[in-house]
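# Residue-level structural notes
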Amino acid sequence: MLSPHEFATLMLVKAAPEQIDLNREELDTLMERQLVALEQLASGAQRPCLTHDGDSVLRAVVRKH
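Figured I'd write up the structure that's included with this text. Each chain has its residues counted from 1, following the order in which its sequence is written. Residues qualify for local features only when their pLDDT is at least 70, as the model is predicted, and side-chain atom pairs are given and counted only at 80 or more; totals for whole chains, interfaces and linings, by contrast, use all residues. Only hydrogens and water are removed before side-chain values are computed, so all heavy atoms of the structure are retained for them.

### Considerations on the pairing of strand β1 (residues 36-40)
- Examined bridge by bridge, β1 and strand β2 (residues 46-50) share 5 bridges and lie antiparallel to one another. By the bridge assignment, Glu 39 is partnered in β2 with Arg 47.
- The loop that links β1 with its antiparallel partner β2 comprises 5 residues; one of these, Gly 44, has a positive phi angle of about 100 degrees. Pairing between two strands is assigned when DSSP locates at least 2 bridges connecting them. For the purposes of this entry, the term helix denotes a DSSP run of H or I that reaches at least four residues, the term strand denotes a run of E that reaches at least two, and both are numbered from the N terminus.

Printed below as a string of structure tokens:
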């Protein structure tokens, strides 16, 4: 089960990944649970992105509402 902060971070990764601080503790937890991965950009920077499982979690929540 995700904490409210982890869930909010998951939503933010989907909506605005460029605004995520890569040092957020919640981001580490989401990566450990394989809901988020880091993608390497051509510039050399990293950006978080949803994995298939992370996207599935968000879609499941939307279906419940």
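Alright, that's what it looks like, and here's the rest.
### Things to note about helix α1 (residues 4-15)
- Working rule for helices: expected span equals 1.5 Å times residues minus one. An ideal rise of 1.5 Å per residue puts 16 Å on 12 residues; α1 measures up with 16 Å between its terminal C-alpha atoms.
- Three exposure classes are used, based on accessible area relative to the maximum for each residue type with a 1.4 Å probe and protein chains only: buried under 20%, partly exposed in between, and exposed over 50%. Residues of α1 that are buried include every one of Glu 6, Thr 9, Leu 10 and Val 13, and no others. Projected down its long axis, α1 shows its buried positions confined to an angular sector of 105 degrees, all on one face. Every exposed residue of α1 that faces more than 90 degrees away from the buried side is listed here: Pro 4 and Ala 15. This arc describes the spread of directions from the helix axis toward the C-beta atoms.

### Side note on the nonpolar core
- What is meant by a nonpolar core is a set of buried Ala, Val, Leu, Ile, Met, Phe, Trp, Tyr and Cys residues, joined one to another through side-chain atoms within 4.5 Å. With 9 residues, the main nonpolar core is built from Leu 10, Val 13, Ile 20, Leu 27, Leu 30, Leu 35, Val 36, Leu 50 and Leu 58.
- Elements represented by at least two residues in this core include exactly α1 and α2 (25-32).
- If near-sequence neighbours (up to four positions away) are discounted, Leu 10 is found in contact with Leu 2, Leu 30, Leu 35, Val 36, Leu 50, Gly 54, Val 57 and Leu 58. The criterion used for residue contact is that any of the two residues' heavy atoms lie within 4.5 Å.

### Quick notes on α2
- Taken together, the buried positions of α2 are occupied by Glu 26, Leu 27, Thr 29 and Leu 30. Viewed along the axis of α2, the buried residues span an arc of 160 degrees, placing them on a single side of the element. Summarising the geometry of α2, the exposed residues directed more than 90 degrees from the buried face are Glu 25 and Glu 32.
- Of the surrounding elements, those touching the buried residues of α2 are α1, β1 and β2.
- Where α2 terminates, the next one or two residues include Gln 34, which has phi positive at roughly 60 degrees.

### Quick word on the packing of α1 against α2
- Between N-to-C directions, angles span 0 to 180 degrees; the directions come from axes that are lines fitted to C-alpha atoms, helices contributing only their stretch in contact. For the pair α1 and α2, interaxial distance at closest approach is 9 Å and the crossing angle is 80 degrees. In terms of their interaxial angle, α1 and α2 are classed as roughly perpendicular. Contact residues: α1 offers His 5, Glu 6, Thr 9, Leu 10 and Val 13, while α2 offers Glu 26, Leu 27, Thr 29 and Leu 30.
- Broken down by class, the residue content of the contact of α1 with α2 amounts to 4 nonpolar, 3 polar and 2 charged. Working rule for angles: under 35 degrees goes down as roughly parallel, over 145 as roughly antiparallel, 65 to 115 as roughly perpendicular, anything else as oblique. Polar here means any residue outside two lists: the nonpolar Ala, Val, Leu, Ile, Met, Phe, Trp, Tyr, Cys and Pro, and the charged Asp, Glu, Lys and Arg; Gly therefore counts as polar.

All we've got here are geometric facts, nothing functional implied.
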